[in-house]
Amino acid sequence: MRKILCLIFLLSLEGCSVLSLKENSIESIVIEERKTGSRIKIIDQSQISQLLKVINSSRKEFGIFKGNYIITILYRNKEIKTILIEDDMLKIDGITYRMSKKNTLIIEKYFEDG
């Protein structure tokens, strides 16, 4: 019985390790490059979806970093979420995650096009 309880506990921890940000209530996303202070505001829903798809593919993983980019998500209800990103790592609400691919490549393209 004890082994079953431990297994259930471990499986419940795994379920909590995936990041899931709601897309439908986002008003805009502001991306700031820390090195230059440049900012880009994204309001196009397809670009927001693309960015969130990569962010939501993240899984918890220990890591320490400063972040090259600051992403601020502005919701319609005036809630604000701040995310630090460096390569394939991100930190939100003090918790570090590893993305399935480097989000910085997508972000750098926004700065090139903008």
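Computed from a prediction, not measured in an experiment: that's the story for all the values here.

For the protein, the count of helices and strands is 3 helices and 7 strands. Scanning the protein from its N terminus toward the C terminus, one meets helices and strands in the order α-β-β-α-β-β-β-β-β-α. Relative to its full complement of 114 residues, the protein shows a buried share of 36%. Here the analysis covers contacts within the protein between residues at least 6 apart in sequence; of these, 57% occur between residues at least 24 apart. Surface exposure of the protein reaches about 7,600 Å², of which carbon and sulfur atoms provide 56%.

With that settled, consider the confidence of the model for the protein. Where the model shows low pLDDT, its predicted coordinates should not be examined in detail. In this model, the protein carries a mean pLDDT of 80, and residues with pLDDT of at least 70 account for 75%. Every residue in residues 9–16 is under pLDDT 50, and counting partners more than four places away or in other chains gives 2 contacts.

As a further point, take the pairing of strand β4 (residues 69–75). Burial runs high along β4: 6 of the 7 residues are buried. Strand direction decides the pairing type here: strand β1 (residues 26–33) and β4, joined by 7 bridges, are antiparallel. Bridged to V30 within β4 is T72. As judged from the 6 bridges shared by β4 and strand β5 (residues 80–86), these two strands associate in the antiparallel manner.

Position of N56 among the secondary structure elements: in the loop between α2 (45–55) and β3 (59–60). A residue is classified by how much of its surface remains accessible, and N56, at 22% relative accessible area, is partly exposed. A C-alpha to C-alpha distance of 9.1 Å links N56 and S100, two positions 44 residues apart in sequence.

Per the counting criterion, the structure on display carries 4 salt bridges. Where R98 meets E61, a salt bridge forms, and the shortest distance between an N and an O atom there is 2.7 Å. Of this pair, R98 sits in strand β7 (residues 95–98) while E61 sits in the loop between β3 and β4, and the two are 37 residues apart along the sequence. Connected via shared salt-bridge partners are E61, D88 and R98.

Let us now look at the sheet that holds β1. Across the sheet, 7 strands lie side by side as β2-β1-β4-β5-β6-β7-β3; this open sheet has antiparallel pairing. Of all the strands in the sheet, just β2 (39–42) and β3 have a single pairing partner and so form its edges.

With that out of the way, let us pick up α2. Buried within α2 are the following residues: I48, L51, L52, V54 and I55. On an axial view of α2, the arc spanned by its buried residues comes to 160°, and they lie on one face.

As paired elements, β5 and strand β6 (residues 89–92) share 4 bridges and run antiparallel to each other. Pairing of E86 across the sheet is with M89, part of β6. Following β5, the chain reverses through 2 residues before pairing antiparallel with β6; D87 in that reversal takes a positive phi of roughly 55°. Note that β6 and β7 share 4 bridges and pair antiparallel. By the bridge assignment, L90 is partnered in β7 with Y97. In sequence, β6 turns back onto β7 through a hairpin of 2 residues, with D93 there showing a positive phi of about 55°.

The rules behind these values
Residues numbered from 1 in each chain as written. Predicted model: local features only at pLDDT ≥ 70, side-chain atom pairs only at ≥ 80, totals over all residues. Heavy atoms only, no water. Helix = DSSP H or I, 4+ residues; strand = E, 2+ residues; numbered from the N terminus. Buried < 20%, exposed > 50% of the residue type's maximum accessible area, 1.4 Å probe, protein only. Contact = heavy atoms within 4.5 Å. Areas by Shrake-Rupley, 256 points an atom, 1.4 Å probe, with all protein chains shown as cover. pLDDT = per-residue confidence, 0-100. Pairing = 2+ DSSP bridges. Salt bridge = Lys/Arg side-chain N within 4 Å of Asp/Glu carboxyl O. Arc of directions from axis to C-beta.

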